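# Report on the structure
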Amino acid sequence: MTSSLLLHTSKQRIPTIALGTWQSLPGEVGPAVIAALKTGYRHIDGAWIYNNEVEVGAAIKESGIPRKDIFLTSKLWNSFHNPQHVSPHFQDTLSRLGVTYLDMYLMHWPVAFAVPPDGIPRPFPRDKKGRMLIDRELSEDFVTTWREMEKLVDEGKVKNIGVCNFSIGRLEKLLAHARIKPIVNQVEINYFFPQHEMVDWCKAQNILVEAYSPLGSSRNVGRLLRHPTIVKIADETQHTPAQVLLSWLHQRELIILPKSVHPDRIDSNFHIFELSREHFDLLQTESKKLETTGKTERSVDPSKSWGVPDIWTDDATSPAKM
């Protein structure tokens, strides 16, 4: 059970199951990409900051699958939001991957790291006290960065652009000023953090939602796969708990980004199925109950280490109180 969705700006189709490459280590990510493409994946989700794009690109070439048949995504890192850095940073990603264009390029976070006094952008710039250097003016003015991304589309270097980790408020601001509408908002979504309001709002705006950490990432994956409701449905349908969770997200019309470097799990994650209405409604009801009772849990939250405690609100530029 696989499918694709139409992208309204480019009229391209995006496969709804992608191999995520976050935290995939050197020597592991290449074989994972090859295994995924052999299984049938045609969507690879990556990012400059994952520091594995060279190996990902080499694996794509080694697979023998034509580049035109693979939907390839990368992301603009926080250190390169300054308008003069966007295009060179994008070009570096193309060079690392060994390709001439991307299918989609996303703004990784609505937070701009400041360029250190020496003028050289660094992945995680910190001051002498170890605090992250944040460019708060540029973080507020992410539309300026977006306009540089729009130019990449104009130049034919990327077919679609979007964002990651944006709140509804920030998306509203971007929609009010964007010449090219964001095609996607990639956010954490899983059973413990279902984001029903975000999904409904984005659907109403014709923005696709991509779900990263669909199995809860390393922090929560064990608990998710042992959850009684998930295990019960898995037993009743003769599928794995992971397949149940991924199938539920897929039926919510989300693009899912499961990640693994193990060929058997890569294969299993790809073979999702259609849940019965009873099982789907049960997962919808129970996950919504987590939201209404305040029991949701994020697996990925850099707000404390970056010193932006309100990163998830509509203003991510307030400094942490030291």
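Residues numbered from 1 in each chain as written. Predicted model: local features only at pLDDT ≥ 70, side-chain atom pairs only at ≥ 80, totals over all residues. Heavy atoms only, no water.

### What to know about unusual backbone geometry
You will see that Gln-195, though not glycine, has its phi angle at about 55°, which is positive. Position of Gln-195 among the secondary structure elements: in the loop between strand 8 (184–188) and helix 7 (196–204). Its identity is not glycine, yet Glu-253 carries a phi of approximately 65°, on the positive side. Looking at where Glu-253 falls in the secondary structure, it is placed in the loop between helix 10 (241–251) and strand 10 (255–257). For Glu-253, a relative accessible area of 51% puts it in the exposed group. (Helix = DSSP H or I, 4+ residues; strand = E, 2+ residues; numbered from the N terminus. Buried < 20%, exposed > 50% of the residue type's maximum accessible area, 1.4 Å probe, protein only.)

### Quick word on the pattern of salt bridges
With the rule as written, the count across this model stands at 13 salt bridges. Of the charged contacts in the structure, one is a salt bridge between Asp-45 and Lys-75, with a shortest N-O distance of 2.8 Å. Placement of Asp-45 in strand 4 (residues 43–45) and of Lys-75 in strand 5 (residues 71–76) is noted, with a sequence separation of 30 residues between them. On the accessibility criterion, Asp-45 (3% relative accessible area) is buried. Of the residues examined, Lys-75 reaches a relative accessible area of 1% and is grouped as buried. (Salt bridge = Lys/Arg side-chain N within 4 Å of Asp/Glu carboxyl O.)

### Focus: the side chain of Lys-75
Reaching out from Lys-75, the side chain makes a polar contact with the side chain of Asp-45 at a distance of 2.8 Å. Within the local environment of Lys-75, its side chain forms a polar contact with the side chain of Tyr-50, the two groups lying 3.4 Å apart. (Polar contact = N/O pair within 3.5 Å; in protein donor to acceptor, adjacent residues only side chain to side chain.)

### Notes on the environment of Phe-280
With respect to the secondary-structure elements, Phe-280 resides in helix 12 (residues 277–292). Distance in space between the C-alpha atoms of Phe-280 and Gly-98 is 41 Å, their sequence separation being 182 residues. Apart from residues no more than four positions distant in its own chain, Phe-280 is found in contact with Trp-248, Gln-251, Arg-252 and Leu-275. (Contact = heavy atoms within 4.5 Å.)

### A look at the confidence of the model for the protein chain
Counting all residues, the mean pLDDT for the protein chain is 95, and 97% of those residues have values of 70 or more. Residue range residues 316–322 is modelled with pLDDT below 50. Its contacts to residues more than four positions away, or to other chains, number 21 contacts. (pLDDT = per-residue confidence, 0-100.)

### Some details on the layout of surface pockets
Of the pockets and cavities examined, the largest pocket occupies roughly 590 Å³. Lining the largest pocket are 24 residues, and of these Leu-215, Val-221, Lys-259, Ser-260 and Arg-265 lie nearest its centre. Those elements that provide at least two residues to the lining of the largest pocket are helix 8 (217–225), helix 10 and helix 11 (263–270). Looking at which element gives the most residues to the lining of the largest pocket, the answer is helix 8, with four residues. In terms of residue class, the lining of the largest pocket is built from eleven nonpolar, ten polar and three charged. (1 Å grid on protein atoms, 1.4 Å probe; cavity = no way out; pocket = protein on both sides within 12 Å on 5 of 7 lines; lining within 4 Å. Points joined across faces, edges and corners; volume = space filled by probe spheres on them. Nonpolar A, V, L, I, M, F, W, Y, C, P; charged D, E, K, R; others polar.)

### Notes on helix 9 (residues 228–237)
Those residues of helix 9 lying buried are Thr-229, Ile-230, Ile-233, Ala-234 and Thr-237. Buried positions in helix 9, seen along its axis, are confined to an arc of 135° and lie on one side of it. Facing away from the buried side of helix 9 by more than 90 degrees, the exposed set consists of Pro-228 and Asp-235. The inward-facing, buried residues of helix 9 contact helix 8, helix 10 and helix 12. One or two positions beyond helix 9, positive phi appears at Gln-238, with a value near 60°. (Arc of directions from axis to C-beta.)

### With respect to helix 6 (residues 168–177)
Three or more residues of helix 6 are buried, namely Ile-168, Gly-169, Arg-170, Leu-171 and Leu-174. Where helix 6 is buried, its residues touch helix 5 (142–154), strand 7 (158–164), strand 8 and helix 7.

### Digging into the nonpolar core
Within the largest apolar cluster, 95 residues are counted, with the highest numbers of intra-cluster contacts made by Val-33, Leu-102, Tyr-105 and Tyr-191. Sequence-distant contacts of Val-33, defined by excluding residues within four places in its chain, comprise Leu-19, Ile-44, Val-56, Ala-59 and Ile-60. (Core = buried A, V, L, I, M, F, W, Y, C linked by side-chain atoms within 4.5 Å.)

### So, the packing of helix 9 against helix 12
Contact pair helix 9 / helix 12: the axes reach a minimum separation of 11 Å and the direction vectors enclose 175°. Overall, the two elements helix 9 and helix 12 adopt an arrangement that is roughly antiparallel. Of the residues in helix 12, those in contact with Thr-229, Ile-230, Ile-233, Glu-236 and Thr-237 of helix 9 are His-279, Leu-282, Leu-283 and Glu-286. Its residues assigned to classes, the contact of helix 9 with helix 12 shows four nonpolar, three polar and two charged. (Axes fitted to C-alpha atoms, helices over the stretch in contact; angles between N-to-C directions. Parallel < 35°, antiparallel > 145°, perpendicular 65-115°, else oblique.)

### Examining empty space enclosed by the protein
By the definition in use, this model includes one cavity of 30 Å³ or more. Considering only enclosed or pocket space, the largest cavity measures out at about 50 Å³ in volume. Taken together, Thr-21, Ile-44, Asp-45, Gly-46, Asn-52, Glu-53, Val-56, Leu-72, Thr-73, Ser-74 and Leu-97 form the lining of the largest cavity. Elements that contribute at least two residues to the lining of the largest cavity include exactly strand 4, helix 2 (53–63) and strand 5. Considering every element that reaches the lining of the largest cavity, the biggest residue donor is strand 5, with three residues. Of the residues belonging to the lining of the largest cavity, the class tally is four nonpolar, five polar and two charged.

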